[in-house]
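# An overview of the molecular structure
Next come the chains, spelled out residue by residue.
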Amino acid sequence: MPAADTDIAGADLTRDAALLADVAREAGALALSLFRTDLKTWVKGKTSPVSEADIAVNDLIEARLRAATPDYGWLSEESADDSARLGKSLTWIVDPIDGTRAYLARQDDWSVSIALVADGSPVLGAVFAPASDEFFFAARGRGTVRNGAPIAAAPGSGIHFPKIAGPKPLVERLGGMRADEVLYPRIGSLALRLVRVAEGRLDAAFAGGNSRDWDLAAADLIVHEAGGEMTSLAGERLVYNQTDVRHGLLVAAGRARHAHIVKHFRENPIL
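Here goes a summary of the coordinates provided. (Residues numbered from 1 in each chain as written. Predicted model: local features only at pLDDT ≥ 70, side-chain atom pairs only at ≥ 80, totals over all residues. Heavy atoms only, no water.)

## Digging into the overall build of the chain
What counts, and what does not: Helix numbering and strand numbering both begin at the N terminus, where a helix is a DSSP run of H or I of at least 4 residues and a strand a DSSP run of E of at least 2. For the radius of gyration, the atoms used are the C-alpha atoms, and the globule rule reads 2.2 Å times the number of residues raised to 0.38. Accessibility here uses a 1.4 Å probe with only protein chains present; expressed as a share of the type maximum, an area under 20% marks a residue as buried, one over 50% as exposed, and anything in between as partly exposed. Any two residues whose heavy atoms approach within 4.5 Å at even a single point are treated as in contact. Surface exposure here means Shrake-Rupley accessible area, sampled with a 1.4 Å probe, where a residue is shielded only by the protein chains that are shown. Only four residue types enter the tally: Lys and Arg on the positive side, Asp and Glu on the negative side; His and the chain ends are excluded. The location of each charge is read from NZ of Lys, CZ of Arg, CG of Asp or CD of Glu.
Within the chain one finds 7 helices and 15 strands. The C-alpha atoms of the chain give a radius of gyration of 18 Å, which matches the 18 Å a tight globule of 271 residues would have. Buried residues in the chain amount to 54% of all 271 residues. Within the chain, contacts between residues separated by at least 24 positions form 63% of all contacts whose residues are at least 6 apart in sequence. When the accessible surface of the chain is totalled, it reaches about 11600 Å², and 50% of it is carbon and sulfur. Each charge class in the chain can be summarised by its mean position, and for the 30 positive and 36 negative side chains these summaries are 5 Å apart.

Here it is in structure tokens:
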């Protein structure tokens, strides 16, 4: 796990990095212990599934992080939103189980995603896929590691569709996709889809227009510190811990490829 600087007011990022890594692993172990068991489930909103595992993992993360950092804000998919977070310079942003549908379908492509955001920008990020034992971690200015080993986004600017993941109608707007080509198989966790870019397994990943801070913040830093970029299709960096935590269409890729894709969408905007 990389060390972290202590140059953010009110933060000890070296301590927080160690705390984050420990909590993410503990949360992942709890989620894995409940994986493929009979769970109570329900639907929040219109279509979003939730299980007792989501709540148990969320409770664990919240108890551990809030006890250790009581002055930090808190934003989680499975907690009632508290507007007090908007006045905090440091805020934890959490998705206890990203990819709940995959989790409940007993598929392996789900993750625990936790970020620490300072004034709207992530400074620490962890995405842990317990079923495949893959732990991605980044600290601002310190690079990205996967299970302790440095990783990097794929170089180049070419478009190879079998190494691109995301909504097919969106990816097809890049043009040039042959009838016999297929995209990378769907990944249930958006955070995990994005960090596949950081390790070079994917050349690029897209997100549809229904993502939230908790889906993105940790993966954003992980991609960036691995030599990639993650922005809107117009090339705008994301800002976190705002009143509205929703985000529009996004793309993540290594820097050269990302610049090529953003240029394409600027010249061919989605109306």
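So that's the structure; there's more coming.
## Here we look at the sheet that holds strand E9 (residues 149-150)
Note the following rule: When DSSP finds at least two bridges between two strands, those strands are taken to pair. Between N-to-C directions, angles span 0 to 180 degrees; the directions come from axes that are lines fitted to C-alpha atoms, helices contributing only their stretch in contact.
One open sheet accounts for 7 strands, arranged E3-E4-E5-E6-E7-E8-E9; its pairing is mixed. Of all strands in the sheet, those bounded by a partner on one side alone are strand E3 (73-76) and E9. Pairing of strand E5 (residues 111-118) with strand E6 (residues 121-129), which is carried by 7 bridges, proceeds in the antiparallel orientation. Paired with Leu 116 across the two strands is Leu 124, which belongs to E6. Running at roughly 155° to strand E4 (residues 90-98), helix H2 (residues 52-68) makes contact with E3, E4 and E5 of the sheet.

## So, helix H7 (residues 255-267)
Counted only if it meets this: Working rule for helices: expected span equals 1.5 Å times residues minus one. Comment: arc refers to directions from the helix axis out to C-beta atoms.
Look at H7: 18 Å from first C-alpha to last across 13 residues, which is about the 18 Å you get at 1.5 Å a residue. Here H7 has its buried residues at Arg 257, His 258, Ile 261, Val 262, His 264 and Phe 265. The arc that holds the buried residues of H7, viewed along the axis, is 155°, so those residues lie on one side. Seen from the buried face of H7, the exposed residues on the opposite side, beyond 90 degrees, are Arg 266 and Glu 267. On the buried face of H7, the contacting elements are helix H4 (168-171), strand E11 (204-207), strand E13 (228-232) and strand E15 (250-254).

## Considering the packing of helix H1 (residues 13-34) against H2
Worth spelling out the cut-off: Oblique is the label for every angle not falling under 35 degrees (roughly parallel), over 145 degrees (roughly antiparallel), or within 65 to 115 degrees (roughly perpendicular). Each helix crossing is assigned a hand: it is left-handed if the near helix lies turned anticlockwise from the far helix by less than a right angle, otherwise right-handed if that turn is clockwise.
Relative orientation of the contacting elements H1 and H2 amounts to 160°, with a least axis distance of 9 Å. By the angle class used here, H1 and H2 are roughly antiparallel. When the axes of H1 and H2 are compared, the crossing they make is right-handed. Residue-level contacts link Arg 15, Leu 19, Asp 22, Val 23, Glu 26, Ala 27, Leu 30, Ala 31 and Leu 34 of H1 to Ala 53, Ala 56, Val 57, Leu 60, Ile 61, Arg 64, Leu 65 and Ala 68 of H2.

## Remarks on unusual backbone geometry
Phi angles above zero are rare outside glycine, and Asp 119 is one such case at about 50°. Mapped onto the secondary structure, Asp 119 falls in the loop between E5 and E6. Positive phi is not limited to glycine here, since Asp 133 has a value of about 55°. Relative to the assigned elements, Asp 133 resides in the loop between E6 and strand E7 (134-139). On the basis of relative accessible area, Asp 133 is assigned to the partly exposed category, the value being 46%.

## Let's talk about the pairing of strand E2 (residues 48-51)
As judged from the 4 bridges shared by strand E1 (residues 41-44) and E2, these two strands associate in the antiparallel manner. Looking across to E2, one finds that Lys 44 is bridged to Ser 48. Counting the residues that bridge the hairpin from E1 to E2 gives 3 residues, and of these Gly 45 lies at a positive phi of roughly 65°.

## Observations regarding the environment of Ala 131
Mapping Ala 131 onto the fold places it in the loop between E6 and E7. For Ala 131 and Leu 238, which are 107 residues apart along the polypeptide, the C-alpha to C-alpha distance reads 29 Å. With sequence-adjacent residues up to four places away left out, Ala 131 is seen in contact with Leu 32, Phe 35, Asp 108 and Trp 110.

## Some details on the pairing of E15
Consecutive side chains of a regular strand alternate in pointing toward one face of the sheet and then the other. Across the 5 residues that make up E15, a large majority, 5, are buried. Direction of pairing for E11 relative to E15: antiparallel, over a ladder of 4 bridges. Its bridge partner being in E15, Ala 207 is matched across the sheet by Leu 250.

## Here's the deal with the sheet that holds E15
Strand order in the open sheet formed by 4 strands is E10-E11-E15-E13, and the pairing between neighbours is mixed. Of all the strands in the sheet, the pair left with one neighbour each is strand E10 (164-165) and E13. Looking at chain direction, E10 and E11 are connected through 2 bridges and run parallel. Residue Ala 165 lies in a different strand from E11, and its bridge partner there is Ala 205. Packing against the sheet, helix H5 (residues 190-198) makes contact with E10, E11, E13 and E15, and its axis sits at approximately 155° to E11. Sheet contacts for H7: E11, E13 and E15; angle to E15, the most-contacted strand, approximately 145°.

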